[in-house]
Amino acid sequence: MDQTPESGALSNEDGRVQTILRLEKDVRSCTRCRLCDGRIHAVPGEGSYSPQIVFVGEGPGAAEDRQGRPFVGRSGRFLDGMIEGIGLRREDVFITNVVKCRPPDNRDPRPDEIVACSDYLERQIELLAPRVVVTLGRYSMQRWFPGERITRIHGQVKEIAPGRVALAMYHPAAALRNPQWREAFAADMQKLPGLLEGK
Ligand code: URA
Ligand code: SF4
């Protein structure tokens, strides 16, 4: 054991990272909702543990369920390219989802599943303490922009805590399907560098 002045007690930073790792472990064995029944792997999320940006998608798809990692399929490659387009790498940000387990046949997550899983997301945001939370798609948007429509409010920024804002964006899968939404997605991404200034 290291005999540092703080030995016996974890430094705050070590404690924070330990808490994040513990939360990820809890997600991997979670049975709080029915989505645990059909999963191969729960997907807690991944990336930097000191990110300036946290991206929040909807829920794992087939590729994510197989690998236990978020956004590793076609949407993920699109998102990675967009992140690189603003001069960052995937490892610089944190990527997670509203529900951590794949809904069967990629159906939409149900309200009770979102509620069951919400405590994980809330705690992740608190522990990761990003400057910006980017919501990807409707379900993620609903958490911070309740009752809004994504076609109306994508690109909007809202303060959600002192020093923290949410930016609403289309889901990458939607952007891949529709050229107009793809353009909007790319334009909304361009707001990020400006939001990080002054952090
Ligand atoms: N779509 C999502 O919403 N999340 C993922 O992790 C992958 C695809
Ligand atoms: Fe638990 Fe969330 Fe998975 Fe439901 S979706 S089993 S609440 S981790």
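Up top you'll find the structure we're talking about.
Please read all numbers here as calculations on a predicted model, not as lab measurements.

Participant: For this particular structure, what's the right way to read the overall build of the protein?
Facilitator: In terms of regular secondary structure, the protein is built from 9 helices and 6 strands. Taking the principal axes of the C-alpha coordinates as reference, the protein spans close to 60 × 45 × 30 Å. Burial status across the protein gives 48% buried among its 199 residues. A sequence separation of at least 24 residues applies to 70% of the contacts in the protein between residues at least 6 apart. Within the structure as shown, the protein displays about 10,200 Å² of accessible surface, and the carbon and sulfur contribution to it stands at 49%.

Participant: I keep staring at the site of ligand 2 and nothing clicks. Help me out?
Facilitator: Neighbouring residues of ligand 2: Cys 30, Arg 32, Cys 33, Leu 35, Cys 36, Arg 39, Lys 100, Cys 101, Ala 116, Cys 117 and Tyr 120. Among the residues making up the shell around ligand 2, the classes are represented as 8 nonpolar, no polar and 3 charged.

Participant: How should I be thinking about the sheet that holds strand S1 (residues 46–47) in this particular structure?
Facilitator: Hydrogen bonds along the backbone pair up the strands of a sheet, which may run parallel or antiparallel. With mixed pairing, 6 strands are arranged side by side in an open sheet as S1-S3-S2-S4-S6-S5. Looking at strand neighbours, the two that pair on one side only are S1 and strand S5 (157–161), the edges of this open sheet. When S5 meets strand S6 (residues 164–169), the two strands line up antiparallel, connected through 4 bridges. Following the sheet pairing, Lys 158 is matched in S6 by Ala 166. Sheet strands in contact with helix H4 (residues 111–128) are strand S2 (53–57), strand S3 (94–97), strand S4 (132–136) and S6, and its direction is about 165° off that of S3.

Participant: I'm lost on the site of ligand 1 in this one. Help?
Facilitator: As a structural note, the neighbourhood of ligand 1 is formed by Gly 57, Glu 58, Gly 59, Glu 64, Pro 70, Phe 71, Asn 97 and His 171. Asn 97 is positioned with one of its side-chain polar atoms (N or O) 2.7 Å from a nitrogen atom of ligand 1. Between ligand 1 and His 171 there is a distance of 2.8 Å, counted from an oxygen atom to a side-chain nitrogen or oxygen. Looking at side-chain class alone, the shell around ligand 1 contains 2 nonpolar, 4 polar and 2 charged residues.

Participant: Can you help me understand the pairing of S4 in this one?
Facilitator: Every other side chain in a regular strand lies on the same face of the sheet, so the side chains alternate between the two faces. The element S4 is largely enclosed, with a buried count of 5 among its 5 residues. Taking every second residue as pointing to the same face, both faces of S4 are buried, with Val 132, Val 134 and Leu 136 on one and Val 133 and Thr 135 on the other. Pairing of S2 with S4 involves 4 bridges; the strand directions are parallel. Each residue of the ladder has a partner; that of Phe 55, found in S4, is Val 134.

Participant: Looking at this model, I keep getting lost on helix H3 (residues 74–85). Mind explaining?
Facilitator: Since the α-helix packs 3.6 residues into each turn, any two residues three or four apart lie on the same face. Over its 12 residues, H3 runs 17 Å from end to end, which matches the ideal 16 Å to within 8%, given 1.5 Å per residue. Buried within H3 we find Ser 75, Gly 76, Phe 78, Leu 79, Asp 80, Met 82 and Ile 83. Where the residues of H3 are buried, they touch S2, S3, S4, helix H7 (172–177) and helix H8 (179–189). Immediately beyond the C-terminal end of H3, within one or two residues, lies Gly 87, with a positive phi of roughly 80°.

Participant: Honestly, helix H1 (residues 12–28) in this entry has me stumped. Any pointers?
Facilitator: With 17 residues, H1 should reach 24 Å at 1.5 Å per residue; the first-to-last C-alpha distance of 25 Å fits that figure. Along H1, the residues that are buried comprise Gly 15, Arg 16, Ile 20, Leu 23, Glu 24 and Val 27. Contacts from the buried residues of H1 go to S3 and H4.

Participant: Before we go on, may I ask you to explain the packing of aromatic side chains in this structure?
Facilitator: We describe a pair of aromatic rings using the distance from one ring centre to the other and the angle between the two ring planes. Counted according to the given criterion, the structure contains 3 aromatic pairs. Ring centres of Tyr 170 and Trp 181 lie 5.2 Å apart, and the angle between their planes is 20°; this geometry places the pair in the stacked category. Of the two residues, Tyr 170 sits in the loop between S6 and H7 while Trp 181 sits in helix H8, which places them 11 residues apart along the sequence. In this arrangement the basic side chain of Arg 32 is found over the ring face of Tyr 120, its NZ or CZ atom lying 4.3 Å from the centre. Its end group placed over the ring of Phe 145, Lys 158 keeps NZ or CZ at 5.4 Å from the ring centre.

Quick notes on the rules
Along each chain, residue indices are assigned from 1 in the same order as the chain's sequence is written. All chains are assigned letters beginning at A, and all ligands numbers beginning at 1, according to the order in which they are written. Residues qualify for local features only when their pLDDT is at least 70, as the model is predicted, and side-chain atom pairs are given and counted only at 80 or more; totals for whole chains, interfaces and linings, by contrast, use all residues. Heavy atoms throughout the structure, all of them, feed into the side-chain values; hydrogens and water do not. A helix here means a DSSP run of H or I that spans at least four residues, while a strand means a run of E at least two residues long, and both kinds are numbered starting from the N terminus. Any residue under 20% of the maximum accessible area for its type is buried, any over 50% is exposed, and the rest in between are partly exposed; the area is computed with a 1.4 Å probe on protein chains only. What makes two residues a contact is simply this: any of their non-hydrogen atoms within 4.5 Å. Values of accessible area rely on a 1.4 Å probe in the Shrake-Rupley scheme; residue burial ignores everything except the protein chains shown. We call a residue near a molecule or strand as soon as one heavy atom of that residue lies within 4 Å of the molecule or strand. Ten residues, namely Ala, Val, Leu, Ile, Met, Phe, Trp, Tyr, Cys and Pro, are considered nonpolar, four, namely Asp, Glu, Lys and Arg, are considered charged, and the remaining ones, Gly among them, are considered polar. The rule for pairing is simple: two strands pair if DSSP sees at least two bridges between them. A fitted line through C-alpha atoms serves as each axis, taken over the contacting stretch for helices, and the angle formed by two N-to-C directions is quoted from 0 to 180°. Polar contact criterion, stated in full: a pair of N or O atoms within 3.5 Å, where within protein one must be able to donate a hydrogen and the other to accept it, and residues adjacent in sequence count only if both atoms are side-chain atoms. Any helix carries an expected span of 1.5 Å times its number of residues minus one. Any two rings among Phe, Tyr and Trp, with Trp reduced to its six-membered ring, count as a pair given centres within 6.5 Å; such a pair is stacked if its planes are under 30 degrees apart, edge-to-face if over 60, and tilted if neither. Any Lys NZ or Arg CZ found within 6 Å of a ring centre and within 35 degrees of that ring's normal is scored as a charge over the ring.

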